[in-house]
Amino acid sequence: MPVPPSGDIVRWPASFGRRFVVFMDVEEEFDWSAPLDRRHRSVSTIAALPSAHARFAAHGVGLACMIDHPVASDAAAVDILRAVLADGRSTLGAQLHPWVTPPYAAAAPGDSYAGNLPRGLEAAKLDTLTDLLRVAFGRTPVAYRAGRYGIGAATRDLLVDRGYRIDTSVRARYDYRADGGPDFSAIGNAAYRTGGLLEIPLTTVFAGRLRRHGSALYPVAARVPRTPGLLARSGLLRRIALTPEDMPIADALEAVRIAVGEEDLRLLAFSFHSPSLVPGHTPYVRDAADLSRFWQWWDRMFDLLARLGMTAASLEDLLRAAG
């Protein structure tokens, strides 16, 4: 993905202050270590969402719910999510997992990234998901995320044609080319306008003594096996995404301080997957102890954000402020 021109970067008004948004990928459960399979459509972990939502609401935080096809196809899951979306802060979004979204076609390498599909097939899957969400929730989703961050050359035009206003498929400073996906290593954390959409990259921060050179050094280091780990252990360079999933809280807190201080970011974008709300469904929350750490992560993060004067934003807040 090309670096956005400076004129496309969003300049948040002074009244916006400093804000953050929490994206939840609301999706089916599957074995993360096994090949993707369209038969894996269980959504039992959605039953944990009401209590999780209450925890976020206690901090004044709504959730940007990026909902995929198996979840939107399940009546019980839809009922739970309707209650979440009625809180006045949470927002309906779409997440396209192409392997579990009709119409199906013979799989080819890289097809788990929807943007790699033929334009007509990507469009048909997007129509299936968008129409299902509109029927299930009585509204059109405002935001989109490609599963596995698999945006492609045609994706943004397809989204605009269907009334989407926000894309969240960019994971700043990550490169998925080794698996057939897109390369975001040159993309920073600032929100920007692109093709009629507001792009909100998921926030990723470099820490360590070489952090100011991270954008240039990390992509080079990542090409050499074990080098990123060596750089991190030596305190020279770490790449930290704002998620409780496999990111220690001490690192994440440091990343937020750098983002707000040195980088002067006005908007931070956090993310997690809904199956992490129940032990045993993601590699990040394997047992009760991991789940306890998951919630401690958020408690400590919200405490820091409050001390920094950062407040939660809904996607509608971002659209209004971006103009």
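For the structure, check the block above.
Residues numbered from 1 in each chain as written. Predicted model: local features only at pLDDT ≥ 70, side-chain atom pairs only at ≥ 80, totals over all residues. Heavy atoms only, no water.

Before going further, it helps to spend a moment on the packing of helix α1 (residues 49–58) against helix α3 (residues 75–85). Two numbers describe how α1 lies on α3: the axes approach to 10 Å, and their chain directions differ by 15 degrees. By the angle class used here, α1 and α3 are roughly parallel. In this structure, α1 meets α3 at a crossing whose hand is right-handed. On α3, the residues touching Leu 49, Pro 50 and His 53 of α1 are Ile 80, Leu 81 and Val 84. Split into classes, the residues belonging to the contact of α1 with α3 amount to 5 nonpolar, 1 polar and no charged. (Axes fitted to C-alpha atoms, helices over the stretch in contact; angles between N-to-C directions. Helix = DSSP H or I, 4+ residues; strand = E, 2+ residues; numbered from the N terminus. Parallel < 35°, antiparallel > 145°, perpendicular 65-115°, else oblique. Left-handed = near helix turned anticlockwise from the far one by under 90°. Contact = heavy atoms within 4.5 Å. Nonpolar A, V, L, I, M, F, W, Y, C, P; charged D, E, K, R; others polar.)

Burial within strand β3 (residues 91–96) is extensive, with 6 of its 6 residues counted as buried. Residues Thr 91, Gly 93 and Gln 95 of β3 are buried on one face, and the alternating residues Leu 92, Ala 94 and Leu 96, pointing to the opposite face, are buried as well. Looking at chain direction, strand β2 (residues 64–67) and β3 are connected through 4 bridges and run parallel. Each bridged residue has a counterpart across the sheet, and for Ile 67 the counterpart in β3 is Ala 94. Examined bridge by bridge, β3 and strand β4 (residues 143–146) share 4 bridges and lie parallel to one another. Of the residues in β4, the one forming a bridge with Ala 94 is Tyr 144. What joins β3 to β4 is helix α4 (residues 119–137), and the crossover it makes is right-handed. (Buried < 20%, exposed > 50% of the residue type's maximum accessible area, 1.4 Å probe, protein only. Pairing = 2+ DSSP bridges. Right-handed = clockwise from strand over helix to strand, strands pointing away.)

This paragraph deals with the side chain of Arg 173. Mapped onto the elements of the fold, Arg 173 is located in the loop between β5 (166–167) and β6 (192–194). The residues contacting Arg 173, other than those within four sequence positions of it, are Phe 184, Ser 185, Ile 187, Gly 188, Asn 189, Thr 204, Val 205, Phe 206, Ser 215, Arg 239 and Glu 263.

As a further point, take the side chain of Ser 276. As for its position among the elements, Ser 276 is in the loop between β10 (267–273) and α9 (288–307). Only 2.6 Å separates the side chain of Ser 276 from the side chain of Glu 245, close enough to count as a polar contact. (Polar contact = N/O pair within 3.5 Å; in protein donor to acceptor, adjacent residues only side chain to side chain.)

By the definition in use, this model includes 20 salt bridges. A salt bridge links Glu 262 to Arg 212, with the nearest nitrogen and oxygen atoms 3.7 Å apart. Highlighted residues: Glu 262 in the loop between α8 (249–260) and β10 and Arg 212 in the loop between β8 (204–207) and α6 (214–221), separated in sequence by 50 residues. The salt bridge involving Arg 307 is made with Asp 303; its shortest N-O contact spans 3.1 Å. In this pair, Arg 307 and Asp 303 both sit in helix α9, 4 residues apart, roughly one turn of the helix. Using a relative accessible area of 41% as the deciding quantity, one classes Asp 303 as partly exposed. (Salt bridge = Lys/Arg side-chain N within 4 Å of Asp/Glu carboxyl O.)

Membership of the largest hydrophobic core comes to 102 residues, with the highest contact counts inside it found for Phe 20, Ile 67, Leu 268, Phe 270, Trp 298, Leu 315 and Leu 318. Broken down by element, the residue count for this core peaks at 9 residues, all from α9. Setting aside anything within four residues of it in sequence, one finds Leu 318 in contact with Trp 12, Phe 16, Val 21, Leu 198, Ile 200, Leu 267 and Ala 313. One finds Phe 206, Tyr 218, Ala 221 and Leu 231 within the second-largest nonpolar core, a separate group that totals 5 residues. (Core = buried A, V, L, I, M, F, W, Y, C linked by side-chain atoms within 4.5 Å.)

Our next topic: α3. Within the sequence span of α3, burial applies to Ala 77, Val 78, Leu 81, Val 84 and Leu 85. Along the long axis of α3, the arc covered by the buried residues comes to 115 degrees, so they all point the same way. Opposite the buried face of α3, by more than 90 degrees, sit the exposed residues Ala 75 and Ala 83. Buried residues in α3 make contact with β1 (19–26), α1, β2, α2 (69–72), β3 and α4. A distance of 3.2 Å separates the backbone nitrogen of Ala 76 from a side-chain oxygen at the start of α3, and that oxygen is part of Asp 74. (Arc of directions from axis to C-beta.)

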